[in-house]
Structure formats: C-alpha cells, structure tokens
Amino acid sequence: MKSKHTCPICGEGQFELLTEVVVLPYKEQEIKVASRMSLCSTCGSEFVNAEDSRVNKRSVLAARKRFDGLLSGEEIYEIRKKYELNQKVAAQLFGGGPVAFSKYENDDVSHAESMDKLLRLVSRSVIAFWELVEQSGLTNEIKKPKAPVKDVSFLKSHQNVVLVNFGGNGFKPIEKSHSYARGSASAETFGELQWK
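### A short note on the overall build of the protein chain
No. 1: Summing up its helical and strand segments, the protein chain has six helices and seven strands in all.
No. 2: Starting at the N terminus, the α and β elements of the protein chain follow one another as β-β-β-α-α-α-α-α-α-β-β-β-β.
No. 3: For the protein chain, the accessible surface area stands at approximately 12800 Å², while carbon and sulfur atoms represent 50% of it.

Okay, structure coming up:
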C-alpha cells in the first residue's frame, strides 16, 4: 500500500513540501505571495496537489486583501468572536449569505469594501453594534452581556437619605423613600442611584 505522501508521478519517492515567495501582478503593481508546492525525493518532480492549490489560492487572496487595505480573515474572525457570534448569525446581521463568514475568515473569497467599513465600525463602536442588532431584528438571537458587577456600597442615614459610594469615590446622599441596609450590590441592581 502506498503512502499518501508517495509521489503521484513516479510512484516511488516521498514528497516534501516547499514554500517560496513569488511575485504576482496585481492592479498594475506587484504583490509578494507565499506559494506552496511538493517536491519528489526520487524523481525531482515538482507538483501542486489539491491541498497546495487551496493554500495558494488563500495566500493570493490574503495578499490582495492586504494590498487593498481590507480586513484579513483573522481580523474578521476576531470581530465576530468579540461579540460571540457564530458564522450563521454574523451573516444574518451583516449580510453576505449563509456561509459568507466562513469564506471571509478562511480567505476563500474577498468581502466588499462596504462590508469592510461596517465591520470596522462595529469593531470600534459597541453602541453601533447593538444599534445594528436592534435594526436587524436579531435581539432574540444576540443577547447583550450582563453589565459587569461594580462595587457599590450604600447605607441608610437619617430621614430616608441613602448614601451611596460608586467605586470608592466617597459617599454621596441620594433621597429615597425606603430604607437600605449597609452592604454592596451590582451597579445594575442599583443603577437608579447613579448620578452625573
């Protein structure tokens, strides 16, 4: 039985992977791309198999995206993970089709400049992201994370005045009609006690 690494040309030698940098024309300029091929140890034949072709295609597309100033597949993946989106929901939110994000992230296809701008905007602005979620009607599929718990100390003083300390800035009075005991809680629970 032949190894899967046996040379498909002579059927005897084993092949090793080689990578070299090639220069390709692109938009009347040149881009450098890493190109992968296999070399037979017996007959010296160089060839490109299906896996090499896929890797080379992705390498060319990634180089073109860099040249055009578009986000890389890895950067798109990081934006999607930042908001804990799977690829299907990301496609519903941003557009591009059901498997678009798989193709964008693997550098199988290039995304449009308008998609690039949208992704960069939501990467910089959490507010813009949540507005897009609401506008897209995906509030059931994409849930806002709970607010982080902050140290909020409070105590009841005389005449129904509540003293509150948000994160060590000193106690300040807030009038309330019910009593509180000394303790701490999350800022979300006592959000109405915050002041400007």
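More follows now that the structure is in view.
### Observations concerning the environment of I9
No. 1: Turning to its location among the elements, I9 is positioned in the segment before β1 (15-26).
No. 2: Overall, the relative accessible area of 53% leaves I9 in the exposed class.
No. 3: Ignoring anything within four residues of it in the chain, the contact list for I9 reads S45 and F47.

### Structural notes on the sheet that holds strand β2 (residues 29-40)
No. 1: Pairing is antiparallel in the open sheet, where three strands are placed in the order β1-β2-β3. Strands at the two margins of the open sheet, each flanked by one partner only, are β1 and β3 (46-47).
No. 2: Sheet topology places β1 next to β2; 12 bridges connect them, and they run antiparallel. Of the residues in β2, the one forming a bridge with E20 is S35.
No. 3: Contacts from helix α1 (residues 50-68) reach β1, β2 and β3, with the element oriented near 165° to β2.

Rules behind the numbers
Residues numbered from 1 in each chain as written. Predicted model: local features only at pLDDT ≥ 70, side-chain atom pairs only at ≥ 80, totals over all residues. Heavy atoms only, no water. Helix = DSSP H or I, 4+ residues; strand = E, 2+ residues; numbered from the N terminus. Areas by Shrake-Rupley, 256 points an atom, 1.4 Å probe, with all protein chains shown as cover. Buried < 20%, exposed > 50% of the residue type's maximum accessible area, 1.4 Å probe, protein only. Contact = heavy atoms within 4.5 Å. Pairing = 2+ DSSP bridges. Axes fitted to C-alpha atoms, helices over the stretch in contact; angles between N-to-C directions.

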